[in-house]
Amino acid sequence: MADDMAGKTASTPGPVTLTVCLTCRREGADPEAARPGAILHAALEEAGMPEGVRLRGVECLSSCKRGCAVALIGGTERWTYVYGDLDPDQHVPEILEGAAAYAATADGVVPWRERPQTFRKQSVARIPPAKFFSEE
């Protein structure tokens, strides 16, 4: 019974995309000010992506109560992760560290203790890969 693909090796992992919600804002934030999600995207773009990771902005990740939010997506054989409550002034180095660790996996599962603190504490969702391994 393979309920989880942790520990399994994917044959060829797909490309990794760090998706940032551009419309995210924190509760109580000035609605006329620049959106923190757009600020986070710009900060990540300026910092540069780790090898094998591309950056993409989207209009909404439907994680409004947990904004700023990002998603790490890695093709059909990796788990997808959504992280929230991110701060563009504090979390850029940890996001980049976490994205690099994720890209280095075949299945998207970075051991918990090896994840940046932000990714340990601020996970919103873990979504199974499209090509979910099962016993055949």
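The present account deals with the structure reproduced in this document. Think of each chain on its own: its residues are numbered from 1, step by step along the sequence as written. With the structure being a predicted model, the display of local features is reserved for residues of pLDDT at least 70 and the display and counting of side-chain atom pairs for 80 or more, all residues being used for whole-chain, interface and lining totals. Hydrogens are left out, water is left out, and the side-chain values use all remaining heavy atoms of the structure.

Quick word on the sheet that holds strand β1 (residues 16-21)
This is how the line gets drawn: The pairing criterion for strands is at least two bridges between them, as found by DSSP. The helix count covers DSSP runs of H or I at least four residues long, the strand count covers runs of E at least two residues long, and both are numbered beginning at the N terminus. Think of each axis as a best-fit line through the C-alpha atoms, taken over the contacting stretch in the case of a helix, with angles from 0 to 180 degrees between the N-to-C directions. Only heavy atoms matter for contacts: two residues are in contact if any of them lie within 4.5 Å across the pair.
Here we have five strands laid out as an open sheet, ordered β2-β1-β3-β4-β5, and mixed in their pairing. If you trace the sheet from one side to the other, it starts and ends with β2 (53-58) and β5 (123-127), each paired once. The average angle at which neighbouring strand axes cross in this sheet is 15°, direction not considered. In terms of strand pairing, strand β4 (residues 80-83) meets β5 through four bridges, oriented antiparallel. Paired with Tyr83 across the two strands is Ser123, which belongs to β5. Seen against the sheet, helix α1 (residues 36-47) touches β1, β2 and β3 (70-73) and runs at an angle of roughly 145° to β1. In the packing of helix α2 (residues 92-103) onto the sheet, the strands contacted are β1, β2, β3 and β4, and the crossing angle to β3 comes to about 20°.

Some thoughts on unusual backbone geometry
Definition in use: Throughout this description, buried means an accessible area under 20% of the type-specific maximum (1.4 Å probe, protein chains only), exposed means over 50%, and partly exposed covers the range between.
Here the bond from Gly67 into Cys68 is cis, since omega is 0°, no more than 30 degrees from zero. Locating Cys68 in the fold gives a position in the loop between β2 and β3. One non-glycine residue with positive phi stands out, namely Asp85, at about 60°. Mapped onto the secondary structure, Asp85 falls in the loop between β4 and α2. Overall, the relative accessible area of 32% leaves Asp85 in the partly exposed class.

Some points on the packing of α1 against α2
Put simply, the rule is: Handedness of a crossing follows from how the near helix is turned relative to the far one, being left-handed for an anticlockwise turn of less than a right angle and right-handed for a clockwise one. Any residue that is not Ala, Val, Leu, Ile, Met, Phe, Trp, Tyr, Cys, Pro, Asp, Glu, Lys or Arg is counted as polar, Gly included; the first ten are nonpolar and the last four charged.
Two elements in contact, α1 and α2, have axes whose closest approach is 10 Å; the angle formed by their N-to-C orientations is 65°. Both α1 and α2 take part in a crossing whose hand is right-handed. Listed contacts from α2 to Leu40, Ala43, Leu44 and Ala47 of α1 are Val92, Ile95 and Leu96. Looking at side-chain class alone, the contact of α1 with α2 contains seven nonpolar, no polar and no charged residues.

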